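Chain residues, written in single-letter form:
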Amino acid sequence: MGSTDKPADLETAKEVPPPPKGAAYGSTPPPPKHDYFFVVDVVLRFLVFAASLTSVLVIVISKQTVHLGPRISVAKFNHSPAFIYFVAALSVAGLYAILTTLASLSVIWKPILSTKFLLHFVFLDVLVLGLVASATGTAGGVAYIGYKGNEHTQWQKVCSTFDKFCQHVVGALATSLFASVLLVLLVWLSTFTLHRKIPK
Amino acid sequence: MESQGQYIGSNSGMDGVDQKEGKVANQRKTGTCESILRILAFMLTVTAAVVLGVSKQTEIVSVKIIPTLPPIDLPATAKWHYLSAFVYFVVANAIACAYAAFSLVLSFANRGTKSSLGLVIILLDLLMVALLFSCNGAATAIGLMGYQGNSHVQWKKVCNVFGRFCNHAAAAIVLSMLGSLAFMYLVVLAALGLHRRSK
């Protein structure tokens, strides 16, 4: 069925462009609607890119040097494997977001294979959602211990000393949380559009 | 499955009816696969929550209170609710397993109908994916901290003392990761089903 329907899909997709040239406006209402979807998609993807870029930058520049009496101690993100994972995961997410923004833009210009694009967007978006959510959890877990400390394991809190560093981490966490919420919205939007294309 | 439907269609003359039958059988198979995945996700998350929830280890630790005196032996206990990340992990897994059981009922109610209940199920599945992945991340980060320690902030490792507890935590994290993959696969499966029907 998949092999037989593919040409049909291509045909219908190729039939979509003519209406703007011709004067037939009332006969084809659906195409403008789904173009509208891809505009929202592009905006959301660009926001994901912006959020992940912001959070990577905020945590990378968060170096803080504190003079504790005679000795100097430095807080940097690469002192903890959790923050290294966070930076790597959000860099990957940002790269993915900018690439798929371009892909989505290409769909707006040439609406061929738009359902296929939607399906692949769902697969990849869910993967990236897992990546961003796990990165947020990882950094959040370590940041919470740094903020509160833990008396059972004798882990002292460090945010009382490195206040600026901790503020940067909190900012990065907030933006990555925002990015994961956007990714949930993106996946849901794609599935919603797929659902709307089901013939009644 | 699709080729089978076509095969039946070409075998007998009535194309439309047989294709419809093939589609119904296809949907039924997808529904069975979905139910199995939901049961699997339920079992994995409930096992993860229980494995970490029951783990408790008491060890005798020698503590030096005053540097001049010899160290004193004290019993120390490791429990899951001493670390906030593990609390989050257990709670998130409990929520996920409750949702898995609930969604099994919902998916039975949704079967065969064309209502928008399917979209709500997908949204909730997505939220579970995000929740489980973040709790896995948090528990892994803290588990790694316990396993290796961090020399920059003088957080000492604890897994050399509480080895059994750390093994329990690692097993729970692996189980929960498999559970979150099951939820992820559910979303993918639902999207595939929608894509197939949207033609």
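Remember, it's a predicted structure, so these values are computed and weren't measured experimentally. (Residues numbered from 1 in each chain as written. Chains lettered and ligands numbered in written order. Predicted model: local features only at pLDDT ≥ 70, side-chain atom pairs only at ≥ 80, totals over all residues.)

Topic: the overall build of chain B
Alright, step 1. Along the backbone of chain B there are 5 helices and 2 strands.
Alright, step 2. The long-range fraction of contacts in chain B, counting pairs at least 24 apart against all pairs at least 6 apart in sequence, stands at 69%. (Helix = DSSP H or I, 4+ residues; strand = E, 2+ residues; numbered from the N terminus. Contact = placed C-beta atoms within 7 Å.)

Considerations on the interface of chain A and chain B
Alright, step 1. Listed per partner, the contact involves 43 residues of chain A and 42 residues of chain B.
Alright, step 2. Contributions of two or more residues to the side of chain A that touches chain B are made by α1 (2-15), α4 (81-109), α5 (114-148) and α6 (163-196) of chain A.
Alright, step 3. By residue number, the principal contributor to the side of chain A that touches chain B is α5 of chain A, which donates 18 residues.
Alright, step 4. Residues that form the side of chain A that touches chain B fall into these classes: 21 nonpolar, 19 polar and 3 charged. (Nonpolar A, V, L, I, M, F, W, Y, C, P; charged D, E, K, R; others polar.)

So, the environment of valine 39 of chain A
All names here are of chain A.
Alright, step 1. Of note, valine 39 is situated in helix α3 (residues 30-60).
Alright, step 2. On the neighbour-count criterion, valine 39 (12 C-beta atoms within 10 Å) is exposed.
Alright, step 3. Spatially, the C-alpha atoms of valine 39 and leucine 105 are 7.9 Å apart, while their sequence positions differ by 66 residues. (Buried ≥ 20, exposed ≤ 12 C-beta atoms within 10 Å, placed from the backbone.)

Quick notes on unusual backbone geometry
Alright, step 1. Even without being a glycine, glutamine 154 of chain A presents a positive backbone phi close to 60°.
Alright, step 2. Secondary-structure assignment places glutamine 154 of chain A in the loop between α5 and α6.

Some points on the UniProt feature "domain: Casparian strip membrane protein" (unreviewed entry) in chain A
Alright, step 1. Here, the residues flagged by UniProt with the feature "domain: Casparian strip membrane protein" (unreviewed entry) are residues 39-182 of chain A.
Alright, step 2. As annotated, residues 39-182 of chain A has a helix share of 74% and a strand share of 7%, and its two end C-alpha atoms lie 15 Å apart. (UniProt positions renumbered as here; feature names shortened; annotations may be inferred.)

With respect to the confidence of the model for chain A
Alright, step 1. Counting all residues, the mean pLDDT for chain A is 82, and 82% of those residues have values of 70 or more.
Alright, step 2. Under a pLDDT of 50 for its full length, residues 1-34 of chain A has, in the predicted model, 20 contacts with residues more than four places off or in other chains. (pLDDT = per-residue confidence, 0-100.)

Considering the confidence of the model for chain B
Alright, step 1. Put simply, chain B has an average pLDDT of 82, and 83% of its residues get 70 or more.
Alright, step 2. Complex prediction metrics read pTM 0.81 and ipTM 0.80.

Topic: the packing of α4 of chain A against α5 of chain A
All names here are of chain A.
Alright, step 1. For the pair α4 and α5, interaxial distance at closest approach is 9 Å and the crossing angle is 160°. Between α4 and α5, the angle is such that the two are roughly antiparallel. Considering how the two elements wind past one another, α4 and α5 form a crossing that is left-handed. Contacts between α4 and α5 involve Ala82, Phe83, Tyr85, Phe86, Ala89, Leu90, Val92, Ala93, Tyr96, Thr100, Ala103 and Val107 from the former and Ser114, Phe117, Phe121, Leu124, Val128, Leu131, Val132, Ala135, Thr138, Ala139 and Val142 from the latter.
Alright, step 2. The residue makeup of the contact of α4 with α5, split by class, is 20 nonpolar, 3 polar and no charged. (Axes fitted to C-alpha atoms, helices over the stretch in contact; angles between N-to-C directions. Parallel < 35°, antiparallel > 145°, perpendicular 65-115°, else oblique. Left-handed = near helix turned anticlockwise from the far one by under 90°.)

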